[in-house]
Structures are given as structure tokens and as C-alpha cells.
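These are the residues of each chain, in order.
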Amino acid sequence: MATDNDLEPVKVEIDGVLDLHHFSPKDLKYLIPDYIEECRKKGILEIRLIHGKGVGNIRRSVHSLLDRNDNVSSFALADERFGSWGATIAHLKPVS
């Protein structure tokens, strides 16, 4: 059953780091493309998506969404300093 809180938009800080632990997996297909677009508008061309280590379902979903997004030039798992296989770094194309 939906509550009033479920119907209100969630405000996300556009700073290049998006922690996906706070969102439902079903929302990723909308959240990630929107976040990418807002980062590009602000000139943020490298983003870190924190998906967690777990069994890899969220990571695979994130990578699939990034792979299909024309505004992403490349992506890879983060190095040890930025979350290792619990996070993905994506490089975005600038707004033309």
C-alpha cells in the first residue's frame, strides 16, 4: 500500500555520487538516466554509482543501463579508493 511519502519526489543532490542503497531496484531505469542528464547539465562528467557488492544483481542492472545510455562514453568498476566492485565510475559525454 502506498503512503503519502511514496508519492513525493525524492530530492537527490547532483554532485557526481549517487548511492543506490536508498532506492528501489525498480526505480533505477528512471533514476540513473535522469541523474546522468542532470550531471551533464551541471558539467559533471565523471560520476560514481554506489550499488554495493552483494550478489551483483544491482551492479548488472546499473551496467546494463549505462551500456544503453548514449550519454555515457565509458564505465568501469571503481578502484579500491572509491568502492572497488561495490561502485561503478562512469564517464559522461558533455552537453553539446
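Residues numbered from 1 in each chain as written. Predicted model: local features only at pLDDT ≥ 70, side-chain atom pairs only at ≥ 80, totals over all residues. Heavy atoms only, no water.

Chemist: Looking at this structure, I do not really get the side chain of R59. What am I missing?
Modeler: Note that R59 resides in helix α3 (residues 57-68). One buried charged residue, R59, forms no salt bridge at all, with the nearest opposite charge on E80 at 12 Å. When residues no more than four places from it in sequence are discounted, the contact partners of R59 are H51, K53, L77 and W85. (Helix = DSSP H or I, 4+ residues; strand = E, 2+ residues; numbered from the N terminus. Buried < 20%, exposed > 50% of the residue type's maximum accessible area, 1.4 Å probe, protein only. Lys, Arg positive; Asp, Glu negative; His and termini not counted. Salt bridge = Lys/Arg side-chain N within 4 Å of Asp/Glu carboxyl O. Contact = heavy atoms within 4.5 Å.)

Chemist: Got a minute to help me understand the pattern of salt bridges in this structure?
Modeler: Opposite charge on two side chains permits them to pair, given that their charged atoms come into close proximity. The tally for this structure, following the rule as stated, stands at 4 salt bridges. For K26, the salt bridge identified is with D27, shortest N-O distance 3.7 Å. A residue is classified by how much of its surface remains accessible, and K26, at 60% relative accessible area, is exposed. For E38, the salt bridge goes to K41, with nearest N and O atoms at 3.2 Å. Of this pair, E38 and K41 are both found in helix α2 (residues 28-41), 3 residues apart, which corresponds to roughly one turn of the helix.

Chemist: So what exactly am I meant to see when it comes to the side chain of S84 here?
Modeler: Counting through the fold element by element, S84 comes out in the loop between β3 (72-77) and β4 (87-92). Classification of S84 as buried rests on a relative accessible area of 10%. Beyond its immediate stretch of four places on either side in the chain, S84 contacts K53, L77, A78 and D79.

Chemist: Got a minute to help me understand α3 in this structure?
Modeler: Along an α-helix, residues three or four positions apart point the same way, because every turn accommodates 3.6 residues. Over its 12 residues, α3 runs 17 Å from end to end, which matches the ideal 16 Å to within 8%, given 1.5 Å per residue. All of the buried residues along α3 are R59, V62, H63, L65 and L66. For α3, the angular spread of buried residues about the axis comes to 160°, placing them on one side. Opposite the buried face of α3, at more than 90 degrees from it, the exposed residues are D67 and R68. Contacts made by the buried residues of α3 are with α2, β2 (46-50), β3 and β4. (Expected span 1.5 Å × (residues − 1). Arc of directions from axis to C-beta.)

Chemist: Please explain the nonpolar core as it appears in this structure.
Modeler: L20, I32, I47 and L66 are the most contacted members of the largest nonpolar core, which totals 19 residues. Those elements that place two or more of their residues in this core are α2, β2, α3 and β4. A per-element tally of this core places α2 first, with 6 residues. Residue contacts for L66: discarding those within four places in its chain leaves I32, I36, L49, V72, F75, T88 and A90. (Core = buried A, V, L, I, M, F, W, Y, C linked by side-chain atoms within 4.5 Å.)

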